[in-house]
Amino acid sequence: MTPKNPPIRDRAYLNWLRTQPCVITGRRTTEYETVDPAHISTAGKGIKSGDDEALPVGHSNHALAHSQGEITMFRRYAPDWLLRVALRAYARE
């Protein structure tokens, strides 16, 4: 069995992600809503992936992802270009 690689925990990178626009809405953090790092590679499994597999997502969409599931939220709200990029990356893996 292959040893499991521990997830990367890079506080500086996570803080940088918070300054980026949301990949769904294109909005940046405001006084009304923050942009949060959303860990994506283990979507729906209840465990966090490494920080290198996180996307900047507005807090309300991040909360929706936790309540209704990451896959459901991304399918419903993510723009087509983002889904194409994600599927291409998945196919390359």
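Since the structure is predicted, the reported quantities are computational estimates derived from the model, not experimental observations. (Residues numbered from 1 in each chain as written. Predicted model: local features only at pLDDT ≥ 70, side-chain atom pairs only at ≥ 80, totals over all residues. Heavy atoms only, no water.)

J.: Which residues make up the overall build of the chain, and what values go with them?
T.: The helix and strand tally for the chain stands at 4 helices and 2 strands. When the helices and strands of the chain are listed from N to C terminus, the series reads α-β-β-α-α-α. Evaluated residue by residue, the chain yields a buried proportion of 30% over its 93 residues. Put simply, 48% of the contacts in the chain that link residues at least 6 apart link residues at least 24 apart. When the accessible surface of the chain is split by element, carbon and sulfur atoms take 55% of a total near 6,900 Å². (Helix = DSSP H or I, 4+ residues; strand = E, 2+ residues; numbered from the N terminus. Buried < 20%, exposed > 50% of the residue type's maximum accessible area, 1.4 Å probe, protein only. Contact = heavy atoms within 4.5 Å. Areas by Shrake-Rupley, 256 points an atom, 1.4 Å probe, with all protein chains shown as cover.)

J.: Report on the nonpolar core, specifying residues and quantitative values.
T.: Membership of the largest hydrophobic core is limited to 10 residues, which are Cys22, Val23, Ile24, Ala38, Val57, Ala65, Met73, Phe74, Ala78 and Leu82. When neighbours within four sequence positions are excluded, alanine 65 is seen to be in contact with Glu70 and Met73. (Core = buried A, V, L, I, M, F, W, Y, C linked by side-chain atoms within 4.5 Å.)

J.: Please give an account of the side chain of aspartate 36 that cites residues and values.
T.: You can see aspartate 36 is positioned in strand E1 (residues 35-39). Although aspartate 36 lies buried, it forms no salt bridge, and the closest oppositely charged side chain, arginine 18, sits 5.0 Å away as judged by the N-O distance. A polar side-chain atom of aspartate 36 sits 3.1 Å from a polar atom in the side chain of threonine 34. Not counting residues up to four positions away in its chain, the partners in contact with aspartate 36 are Leu55, Pro56, Val57, His59 and His62. (Lys, Arg positive; Asp, Glu negative; His and termini not counted. Salt bridge = Lys/Arg side-chain N within 4 Å of Asp/Glu carboxyl O. Polar contact = N/O pair within 3.5 Å; in protein donor to acceptor, adjacent residues only side chain to side chain.)

J.: Requested: an account of the confidence of the model for the chain, with residues and values cited.
T.: Put simply, the chain has an average pLDDT of 79, and 77% of its residues get 70 or more. Here residues 43-49 is modelled with pLDDT under 50, and outside its nearest four sequence neighbours on either side it reaches 14 contacts, counting other chains as well. (pLDDT = per-residue confidence, 0-100.)

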